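Architecture and fold: a report
One-letter residues, chain by chain:
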Amino acid sequence: MIRFTRVSKSYPRTGTAVNDVSLQVNKGEFVFLTGASGAGKSTLLKMIYMEERPTTGEVRVAGTSSVTAKANDVAKLRRKLGIVFQDFRLLEHRTIEQNVGFALEVIGAPSTVIGGKVARVLTQVGLAAKGRALPRELSGGEQQRAAIARALVNDPFALIADEPTGNLDDRATRGIFQLLREINAQGTSVIMATHNLELIRRNEFRTIEMARGQIVFDSAEPASTAERRTP
Amino acid sequence: MSRALRDVLDDFRRTPLLSALGVTTIAFSLFALGLFGLVALNIRQALEKLEDRVEIRAFVAPGTTPEDMGQAAGDVASFPEVQSARIVTSEMALKRAQSELGEFRDVFEGAVLPGSIDVQLKPGRRDPATVKSVAERVKRFSFVDDVRYGEEWIEKLYRLRNIAGIAGLALGFAFAIVSVIIIGATIRMAVLARSKEISIMRLVGATDSYIRRPFLLEGFAKGVLGGLLALVLTWIAQTMINRYVIETIFFTARVALLGLLFGALIGLIGSAVSVGRHLRRV
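Now for a look at the structure at hand. Bear in mind that the values here come from a model prediction, so they are computed numbers and not experimental data. (Residues numbered from 1 in each chain as written. Chains lettered and ligands numbered in written order. Predicted model: local features only at pLDDT ≥ 70, side-chain atom pairs only at ≥ 80, totals over all residues. Heavy atoms only, no water.)

Attention now moves to the overall build of chain B. Along chain B, the regular secondary structure elements total nine helices and four strands. Expected size for 282 residues packed as a compact globule is a radius of gyration near 19 Å; at 30 Å, chain B overshoots this value by more than 25%. Each of the 282 residues in chain B was classed as buried or not, and the buried ones make up 41%. Considering only contacts within chain B whose residues lie at least 6 apart along the sequence, 82% involve residues at least 24 apart. Both charge centroids of chain B, one from 35 positive and one from 28 negative side chains, sit 16 Å from each other. (Helix = DSSP H or I, 4+ residues; strand = E, 2+ residues; numbered from the N terminus. Rg over C-alpha atoms; globule rule 2.2 N^0.38 Å. Buried < 20%, exposed > 50% of the residue type's maximum accessible area, 1.4 Å probe, protein only. Contact = heavy atoms within 4.5 Å. Lys, Arg positive; Asp, Glu negative; His and termini not counted. Charge placed at Lys NZ, Arg CZ, Asp CG, Glu CD.)

What follows is the structure, given as structure tokens:
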């Protein structure tokens with residue numbers, strides 16, 4: 001479903017961000033992606049939703065190849081993915097309902113469908129009563145729930161979350177993580193980049209650790225365990 | 001399209017100052033272009049008036065009958081370059097000279113002036129080469145003594161017209177380029193103000209053409225509004241010039257409409273360039 005084949009990415013000014021990574025994430029998997037800042041986690045995630053293309057190698061996501069995909073193919077791929085960030089990225093002047101509906105609006109969904117879908121997904125993330133609020137009227141945890149609702153409204157096959165709990169306190173972190181687990185339980189793959197080792201330790205999900213652009217540990221591949229280096 | 005239109009209205013409502021600044025900038029750059037156009041139009045008009053006076057006068061030998069002159073005038077009038085050819089008999093020439101001289105009319109008492117065939121050329125066929133070629137053909141009539149057409153004067157007039165034409169084209173082009181750059185910069189501000197929205201649109205899978213649409217519509221709307229404002233400003237300027245300086249003419253409705261379309265077009269091009277550059281960069 002998501003496959004990296006000998007993928008490297010380098011930037012003219014900052015050098016190599018990802019170095020010869022091969023990786024596969026299957027349908028319905030929950031994957032933690034961890035590693036120090038600058039290890040290449042965000043670049044790896046960006047290559048999944050093709051915000052960045054590999055310098056060498058190939059990323060293949062649900063049949064879309066990074067080598068051949070045109071701008072329109074990338075747009076279509078993103079309709080099948082949900083993407084969540086640490087800083088929520090909500091539109092300040094729109095209500096939560098409008099923010100969530102925005103994801104359907106911009107792909108041309110009929111307005112008759114939008115209302116029902118938005119209500120369903122807001123209920124799923126526990127924000128049914130806050131639909132008319134503006135983002136600034138919500139707590140950080142609630143804003144992240146709204147961002148997750150926006151990511152979910154298109155029924156994605158995978159949710160890409162780049163440090164989704166990075167700005168949240170422990171309680172909100174637990175709440176968001178619980179929500180991601182529920183989403184995963186319904187069949188959506190979740191790939192979550194995080195620094196929160198406590199979270200990783202307490203949960204028995206696949207964990208991929210990166211350092212200096214390479215995968216140094218992947219719990220799904222026992223052979224790599226021996227190579228694990230402590231950060 | 002309805003979403004794009006709603007977005008444009010939302011944007012005007014949400015950032016009224018930025019939108020007003022955009023429209024005003026477009027208006028003033030088009031106003032400068034309009035003033036220049038007005039000057040160019042009036043110079044052209046003045047030159048055209050001078051061109052109307054381009055005339056070939058073929059003086060006939062004494063004793064030529066009005067019938068011969070009439071027949072020759074008919075032949076000349078059938079030349080493709082010729083608008084009209086009329087005969088001026090000796091008596092008519094005298095009367096004309098007397099009326100032109102006013103209080104000195106007595107000077108011509110008893111004088112004999114030669115008759116002539118006065119040839120007017122069609123507009124657009126009054127250049128020195130055509131005038132000369134027609135003059136030479138008229139000269140071939142056996143009873144034509146002399147042909148006058150102010151050769152030097154016509155050449156100067158045409159040189160002036162060509163210089164005015166080239167200068168007008170070059171300056172107009174420069175003004176248009178400057179307008180596009182200024183308008184592009186204004187729209188770029190509007191694009192930057194919405195860069196977060198654009199990045200979210202892309203994340204959730206909006207195509208570039210979908211993202212572009214409201215900006216193009218906005219550029220078009222600002223171009224039309226700016227164009228209208230520029231037209232009003234130019235009209236006010238022309239009215240003031242008419243009142244206090246010199247009588248001038250204004251654009252015809254068709255030219256004014258073309259100006260408006262031009263404003264809309266550069267609004268559209270400015271938007272397309274700005275949003276295209278932004279989309280390539282993010």
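Next comes the rest of the write-up.
Residues and elements named next belong to chain A. It is at 9 Å that the axes of helix H5 (residues 140–152) and helix H6 (residues 170–185) come closest, and there the two elements cross at 15°. On the basis of the axis angle, H5 is roughly parallel to H6. The chirality of how H5 crosses H6 is right-handed. Mapping the contact onto sequence places Gly141, Gln144, Arg145, Ile148 and Leu152 in H5 and Ala172, Gly175, Ile176, Leu179, Leu180 and Ile183 in H6. In the contact of H5 with H6, the residues fall into seven nonpolar, three polar and one charged. (Axes fitted to C-alpha atoms, helices over the stretch in contact; angles between N-to-C directions. Parallel < 35°, antiparallel > 145°, perpendicular 65-115°, else oblique. Left-handed = near helix turned anticlockwise from the far one by under 90°. Nonpolar A, V, L, I, M, F, W, Y, C, P; charged D, E, K, R; others polar.)

Turning next to helix H4 (residues 111–124) of chain A. All names here are of chain A. With 14 residues, H4 ought to run about 20 Å at 1.5 Å a step, and its terminal C-alpha atoms sit 20 Å apart, in line with that. Those residues of H4 that sit buried are Ile114, Val118, Val121 and Leu122. Projected down its long axis, H4 carries its buried residues within an arc of 100°, all on one side. Summarising the geometry of H4, the exposed residues directed more than 90 degrees from the buried face are Thr112 and Thr123. The inward-facing, buried residues of H4 abut helix H3 (96–105) and H5. Among the residues trailing H4, Gly126 stands out with phi positive, at a value near 80°. (Expected span 1.5 Å × (residues − 1). Arc of directions from axis to C-beta.)

Right, let's get into the sheet that holds strand E2 (residues 82–88) of chain B. Residue and element names in this part refer to chain B. Taken together, four strands build an open sheet; the order of strands is E2-E3-E1-E4 and the sheet is antiparallel. The sheet is open, and its two edges are formed by E2 and strand E4 (144–148), each paired on a single side. Adjacent strand axes in the sheet meet at a mean angle of 20° when their direction is disregarded. The pairing of E2 with strand E3 (residues 116–121) spans six bridges and is antiparallel. Paired with Ile87 across the two strands is Ile117, which belongs to E3. (Pairing = 2+ DSSP bridges.)

Let us now look at empty space enclosed by the protein. Taken as a whole and judged by the stated rule, the model has two cavities of 30 Å³ or more. The space that makes up the largest cavity amounts to roughly 80 Å³. Taken together, Arg78, Leu81, Gly82, Ile83, Arg150, Ala151 and Asn154 of chain A together with Leu203 and Val204 of chain B form the lining of the largest cavity. Elements with a contribution of two residues or more to the lining of the largest cavity: strand E6 (81–85) and H5 of chain A. Looking at the lining of the largest cavity residue by residue, the classes come out as five nonpolar, two polar and two charged. Estimated volume of the second largest cavity: approximately 40 Å³. Taken together, Ile2, Phe4, Leu23, Val25, Val31, Leu33, Leu44, Ile48, Ile191 and Ile208 of chain A form the lining of the second largest cavity. Contributions of two or more residues to the lining of the second largest cavity are made by strand E1 (2–11), strand E2 (15–25), strand E3 (30–34) and helix H1 (41–48) of chain A. Partitioned by chemical class, the residues of the lining of the second largest cavity number 10 nonpolar, no polar and no charged. (1 Å grid on protein atoms, 1.4 Å probe; cavity = no way out; pocket = protein on both sides within 12 Å on 5 of 7 lines; lining within 4 Å. Points joined across faces, edges and corners; volume = space filled by probe spheres on them.)

A few words on a nonpolar patch on the surface. Taken together, the side chains of Val232, Trp235, Ile236, Met240, Ile241, Tyr244, Val245 and Ile246 of chain B present a nonpolar region at the surface, about 820 Å² in accessible area. When its relative accessible area of 40% is taken as the criterion, Ile236 of chain B is described as partly exposed. (Patch = residues over 30% accessible without salt bridge, like charges linked within 9 Å, V, L, I, M, F, W, Y side chains within 5 Å. Areas by Shrake-Rupley, 256 points an atom, 1.4 Å probe, with all protein chains shown as cover. Salt bridge = Lys/Arg side-chain N within 4 Å of Asp/Glu carboxyl O.)

Moving on to unusual backbone geometry. All names here are of chain A. A positive phi angle is found at Ala62, which is not glycine, with a value near 45°. Tracing the sequence through the fold places Ala62 in the loop between strand E4 (56–61) and strand E5 (64–65). Residue class for Ala62 comes out partly exposed when judged on its relative accessible area of 32%. Despite not being glycine, Phe88 has its phi angle at roughly 65°, a positive value. The topology assignment puts Phe88 in the loop between E6 and H3.

Here we come to the pairing of E3 of chain B. Residue and element names in this part refer to chain B. A large share of E3 lies buried, amounting to six of its six residues. Because side chains alternate across E3, one face comprises the buried residues Ser116, Asp118 and Gln120, and the other comprises Ile117, Val119 and Leu121, equally buried. The pairing of strand E1 (residues 55–60) with E3 spans five bridges and is antiparallel. Bridge assignment links Ala58 to a residue of E3, and that residue is Ile117.

Counting residues at the interface gives 17 residues for chain B and 22 residues for chain A. Where chain B touches chain A, the interface holds three salt bridges. One salt bridge in this structure joins Arg6 of chain B and Glu105 of chain A, with 3.1 Å as the shortest N-O distance. Remark: the boundary between chain B and chain A carries seven residue pairs in polar contact (both at pLDDT 80 or more). At the level of elements, helix H1 (2–14), helix H7 (195–203) and helix H8 (208–244) of chain B are the ones that each hand at least two residues to the side of chain B that touches chain A. With six residues, the top contributor of residues to the side of chain B that touches chain A is H7 of chain B. A class-by-class count of the residues in the side of chain B that touches chain A yields seven nonpolar, two polar and eight charged. (Polar contact = N/O pair within 3.5 Å; in protein donor to acceptor, adjacent residues only side chain to side chain.)

All right, on to the pattern of salt bridges then. Inspection of every chain in the model, using the stated rule, returns 28 salt bridges over all chains. The partner of Arg120 of chain A in a salt bridge is Asp155 of chain A, with the nearest N and O atoms 3.4 Å apart. In this pair, Arg120 of chain A is assigned in helix H4 and Asp155 of chain A in the loop between H5 and strand E7 (158–162), connecting sequence segments 35 residues apart. Its relative accessible area of 41% is what places Arg120 of chain A among the partly exposed residues. For Asp218 of chain A, the salt bridge goes to Arg206 of chain A, with nearest N and O atoms at 2.8 Å. Of the two residues, Asp218 of chain A is situated in strand E10 (residues 214–218) and Arg206 of chain A in strand E9 (residues 206–211); the sequence distance between them amounts to 12 residues. Judged on exposure class, the residue Asp218 of chain A and its partner Arg206 of chain A are both buried. It is possible to trace a salt-bridge network through shared partners that takes in Arg94 of chain A together with Arg194, Glu197, Glu218 and Lys222 of chain B.

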